[in-house]
Amino acid sequence: MPTIYVDADACPVKQEVCKVARRYGLAVTFVANSRMSIPDPGTSTLVVVKGGFDAADDWIVGQVSADDIVVTADIPLAHRCIGKHARVIGPTGRSFTEENIGQAMAMRELMSGLREAGTITGGPPPFQKKDRSRFLHQLDQMIQSSKR
């Protein structure tokens, strides 16, 4: 059975992860840089990682294995987890795969450069109800396909 690892510091879908995981009887590990309340503390765990900027990412990469599921909006973390054959999904329901992670990394670098140059001054669009719905559907599909 896969484990679900959640890059928890800024994750807007913690409740949804627990809801779907409960349905399938999967373990959920929330990983964060500071203590926080987590949904469903009886069936999920919180790992607080001390250290630098990427300490939580490093911990997740060190634990994840093939067919585990990682929930993150962090594209470099997604890239590292895909390299370990994990399944990766963003909070808006976007699945990261071997086929699309290169493009996502390139777009991230491009947008970073444009922000540094002052060409772009905003961030991503606000999280919406349709993002939550898409996430629930995609996570459910991901779990079903990993069980096959």
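Counting of residues starts from 1 at the beginning of each chain's written sequence and follows it residue by residue. For this predicted model, a pLDDT threshold of at least 70 governs which residues receive local features, and a threshold of 80 or more governs which side-chain atom pairs are given and counted, while totals over whole chains, interfaces and linings are taken from all residues. Only hydrogens and water are set aside; all other atoms, that is, all heavy atoms of the structure, feed into the side-chain values.

**As for the packing of aromatic side chains**
Phase 1 of the analysis: Ring pairs shown here join Phe, Tyr and Trp side chains whose ring centres sit within 6.5 Å, with only the six-membered ring taken for Trp; geometry is labelled stacked below 30 degrees between planes, edge-to-face above 60, and tilted in between. This model, assessed by the stated rule, comprises one aromatic pair.
Phase 2 of the analysis: Ring geometry for Y5 versus W59: centroids 6.2 Å apart, planes at 65°, classification edge-to-face. Here the residue Y5 occupies a position in strand 1 (residues 4-7), and W59 occupies one in helix 2 (residues 55-63), the gap between them amounting to 54 residues.
Phase 3 of the analysis: Its relative accessible area of 25% is what places W59 among the partly exposed residues. By definition, any uninterrupted DSSP run of H or I lasting at least four residues is a helix, any uninterrupted run of E lasting at least two residues is a strand, and each is numbered from the N terminus. Using a 1.4 Å probe on the protein chains alone, a residue whose accessible area is under 20% of its type maximum counts as buried, one over 50% counts as exposed, and one in between counts as partly exposed.

**A short note on empty space enclosed by the protein**
Phase 1 of the analysis: Detection works on a 1 Å grid of protein atoms alone, calling trapped sets that fit a 1.4 Å probe cavities and calling open sets with protein on both sides within 12 Å along at least five of seven lines pockets, with lining residues defined by an atom within 4 Å of a point. Grid points are joined across faces, edges and corners, and a volume is the space filled by probe spheres set on the points. On inspection of all chains with the given rule, the structure shows one cavity of 30 Å³ or more.
Phase 2 of the analysis: In this model, the largest cavity occupies a volume close to 30 Å³.
Phase 3 of the analysis: Lining the largest cavity are C18, A21, R22, L26, V28, D40, T43 and S44.
Phase 4 of the analysis: By residue number, the principal contributor to the lining of the largest cavity is helix 1 (residues 14-24), which donates three residues.

**A closer look at the layout of surface pockets**
Rolled over the atoms, a probe with the dimensions of a water molecule shows which regions are left empty.
Phase 1 of the analysis: A volume near 380 Å³ is recorded for the second largest pocket.
Phase 2 of the analysis: What lines the second largest pocket is a set of 17 residues, and nearest its centre among them are D7, D57, T72, A73 and D74.
Phase 3 of the analysis: Gly counts as polar in this scheme, as do all residues outside two lists: the nonpolar Ala, Val, Leu, Ile, Met, Phe, Trp, Tyr, Cys and Pro, and the charged Asp, Glu, Lys and Arg. When the residues that make up the lining of the second largest pocket are grouped by side-chain class, the tally is nine nonpolar, two polar and six charged.

**Examining the pattern of salt bridges**
Phase 1 of the analysis: In the sections that follow, a salt bridge refers to a side-chain nitrogen of Lys or Arg positioned within 4 Å of a carboxyl oxygen of Asp or Glu. Summed over the entire model, instances satisfying the criterion amount to six salt bridges.
Phase 2 of the analysis: With its nearest N and O atoms 2.9 Å apart, the salt bridge here joins E16 to R132. Here E16 is found in helix 1, whereas its partner R132 is found in helix 5 (residues 129-147), with 116 residues between them in sequence.
Phase 3 of the analysis: Judged by relative accessible area, R132 falls into the partly exposed class, the value being 28%.
Phase 4 of the analysis: A salt bridge links D131 to R134; its shortest N-O distance comes to 2.6 Å. Here D131 pairs with R134, and both are found in helix 5, just three residues apart, close to one helical turn.

**Things to note about the sheet that holds strand 5 (residues 87-89)**
Phase 1 of the analysis: The six strands lie next to each other as 3-2-1-4-5-6, forming an open sheet whose pairing is mixed. At either margin of the open sheet sits one strand with a lone partner, and together these are strand 3 (44-48) and strand 6 (95-96).
Phase 2 of the analysis: Between two residues, a contact is recorded if the distance between any of their heavy atoms is within 4.5 Å. To obtain each axis, a line is fitted to C-alpha atoms, and for helices this fit is confined to the stretch in contact; angles are then taken between N-to-C directions over 0 to 180 degrees. Each of strand 1, strand 4 (69-71), strand 5 and strand 6 is contacted by helix 5, which is oriented at about 175° to strand 5, the strand it contacts most. Two strands pair if DSSP finds at least two bridges between them.

**Describing the nonpolar core**
Phase 1 of the analysis: What is meant by a nonpolar core is a set of buried Ala, Val, Leu, Ile, Met, Phe, Trp, Tyr and Cys residues, joined one to another through side-chain atoms within 4.5 Å. Core analysis: the largest hydrophobic core is formed by 22 residues, its most contacted members being I4, V6, V17, V71, L139 and I143.
Phase 2 of the analysis: Looking at this core element by element, the count peaks at five residues for helix 1.
Phase 3 of the analysis: With residues up to four places along the chain from it excluded, the contact list for I4 reads V17, A21, L26, A27, V28, T29, I69, V71 and I143.
Phase 4 of the analysis: In terms of nonpolar packing, the next biggest core, distinct from the first, is built from 19 residues, Y5, C81, A86 and V88 among them.

**Re the pairing of strand 2 (residues 28-32)**
Phase 1 of the analysis: Counted residue by residue, strand 2 has five buried out of five residues, so it is predominantly covered.
Phase 2 of the analysis: Residues V28, F30 and A32 of strand 2 are buried on one face, and the alternating residues T29 and V31, pointing to the opposite face, are buried as well.
Phase 3 of the analysis: Relative to strand 2, strand 1 runs parallel, the two sharing four bridges. Directly across from D7, in strand 2, lies its bridge partner V31.
Phase 4 of the analysis: For crossovers, right-handed means that the path from the first strand over the helix to the second runs clockwise, given strands pointing away from the viewer. In terms of handedness, the path from strand 1 via helix 1 over to strand 2 forms a crossover that is right-handed.
Phase 5 of the analysis: Note that strand 2 and strand 3 share five bridges and pair parallel. By the bridge assignment, V31 is partnered in strand 3 with V47.

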